[in-house]
Amino acid sequence: MTDKELIHKVHNGDKEALNIIVGKYYDEIYRFCVYLTGNDTDSYDITQEIFLKFIKYVDSYRYKNLKGYLLIIARNSCCDYFRHKKDTLWIEDMAESGKEDSQITAMEDGMLLRQELLKIPPEQREVIILHVYEELKFGEIAKMLGCNISTVKSRYFQGIKKLKRLMRSE
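Asks: Explanation requested: the overall build of the protein in the structure shown.
Replies: For the protein, the count of helices and strands is 8 helices and 0 strands. Counting helices and strands in the order they occur from the N terminus, the protein gives α-α-α-α-α-α-α-α. The contacts in the protein between residues at least 6 apart in sequence include a share of 59% that link residues at least 24 apart. On the protein, roughly 10300 Å² of surface is accessible, and the fraction owed to carbon and sulfur atoms is 52%.

Asks: It is not clear to me how the pattern of salt bridges should be interpreted in this structure. Could you clarify?
Replies: Side chains carrying opposite charge are able to pair once their charged atoms draw close together. Going through the model one piece at a time under the given rule, you end up with 4 salt bridges. A salt bridge links Asp3 to Lys24; the shortest N-O distance between them is 2.6 Å. With a gap of 21 residues between them, Asp3 in helix 1 (residues 3-11) and Lys24 in helix 2 (residues 15-37) connect regions that are remote in the sequence. Judged by its relative accessible area of 17%, Asp3 is buried.

Asks: It is not clear to me how the packing of aromatic side chains should be interpreted in this structure. Could you clarify?
Replies: Centre distance and the angle of the planes are the two values used to describe a pair of aromatic rings. For the structure on display, the rule yields 5 aromatic pairs. Ring geometry for Phe54 versus Tyr69: centroids 6.2 Å apart, planes at 65 degrees, classification edge-to-face. Here Tyr69 lies in helix 4 (residues 66-84) and Phe54 lies in helix 3 (residues 40-57), a separation of 15 residues in the sequence. Tyr69 shares its class with Phe54; the two are buried. Aromatic side chains Tyr156 and Phe157 sit 5.1 Å apart centroid to centroid with 80 degrees between the ring planes, which places their arrangement in the edge-to-face category. Connected via pairs of aromatic rings, a cluster forms that spans Phe138, Tyr156 and Phe157.

Asks: Honestly, the state of the cysteines in this entry has me stumped. Any pointers?
Replies: Two cysteines whose sulfur atoms are joined by a covalent bond form what is called a disulfide. Under the criterion given, the structure shown has 0 disulfides. We note that Cys78 lacks a disulfide partner, and the nearest cysteine sulfur, in Cys33, lies 3.8 Å from it.

Asks: Would you mind going over the confidence of the model for the protein with me for this structure?
Replies: It should be kept in mind that the predicted coordinates are not to be read in detail where pLDDT is low. Here the protein shows a mean pLDDT of 80. Residues at 70 or above account for 81%. Taken element by element, the protein is modelled with least confidence in helix 5 (residues 101-117), mean pLDDT 59, and with most confidence in helix 2, mean pLDDT 91. Counting contacts from residues 86-108, a segment whose pLDDT is below 50, to residues more than four positions away or on other chains yields 22 contacts.

Asks: How should I be thinking about helix 2 in this particular structure?
Replies: Along an α-helix, a turn takes 3.6 residues, which lines up residues three or four apart on a common side. An ideal rise of 1.5 Å per residue puts 33 Å on 23 residues; helix 2 measures up with 31 Å between its terminal C-alpha atoms. Its axis deflected by about 45 degrees at Tyr25, helix 2 carries its strongest bend there. Where helix 2 starts, the residue carrying a side-chain oxygen 3.0 Å from the main-chain nitrogen of Glu16 turns out to be Asp14. Immediately downstream of helix 2, the backbone of Gly38 shows phi near 80 degrees, a positive value.

Asks: When you look at the nonpolar core in this model, what are you seeing that I'm missing?
Replies: Soluble globular proteins tend to pack their nonpolar side chains together in the buried interior. Formed by 43 residues in total, the largest nonpolar core has its most connected members in Ile21, Ile29, Phe54, Leu66 and Leu70. Those elements that place two or more of their residues in this core are helix 1, helix 2, helix 3, helix 4, helix 6 (122-133), helix 7 (138-145) and helix 8 (149-169). A total of 11 residues in this core trace back to one element, the largest contributor, which is helix 2.

Definitions and cut-offs
- Residues numbered from 1 in each chain as written.
- Predicted model: local features only at pLDDT ≥ 70, side-chain atom pairs only at ≥ 80, totals over all residues.
- Heavy atoms only, no water.
- Helix = DSSP H or I, 4+ residues; strand = E, 2+ residues; numbered from the N terminus.
- Contact = heavy atoms within 4.5 Å.
- Areas by Shrake-Rupley, 256 points an atom, 1.4 Å probe, with all protein chains shown as cover.
- Salt bridge = Lys/Arg side-chain N within 4 Å of Asp/Glu carboxyl O.
- Buried < 20%, exposed > 50% of the residue type's maximum accessible area, 1.4 Å probe, protein only.
- Phe/Tyr/Trp six-rings, centres within 6.5 Å; stacked < 30°, edge-to-face > 60°.
- Disulfide = S-S within 2.5 Å.
- pLDDT = per-residue confidence, 0-100.
- Expected span 1.5 Å × (residues − 1).
- Bend = angle between axes of the 7 residues up to and from the residue.
- Polar contact = N/O pair within 3.5 Å; in protein donor to acceptor, adjacent residues only side chain to side chain.
- Core = buried A, V, L, I, M, F, W, Y, C linked by side-chain atoms within 4.5 Å.

This is the structure in structure tokens:
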């Protein structure tokens, strides 16, 4: 079932369609929040708030790209998170004893990348996350962020350059 059909059902009072939408996009929105905030627990709370906002205002939804709409809500919610968060961000050590070496190495690499992503400017970080992890095209990102495509590409390539430099120094 397409997003358009689901939204149409929601507008006609079908509560199950809301559950389908949440199930369809929850993991992607959560992952996006984790990459923006660097905090798993807070991202869980932020994701809950995002879907509560969406459910509250679903009757006014009129856009074509539901995933993009949810990512915009997520972006704004993460910005609010940083406005309210005064202390420094940290990444929990996810490695547990008894894991195989390759799994621990992969987790450490993922944590290192998340830490390094937090060191680059937020504008570059969100473009990288949207392009690499959410697999959005530069044109889609430009529409979402309300800027032109050359700005998005510039932010992406500058961010990648900074990430490479940070990763080499680590």
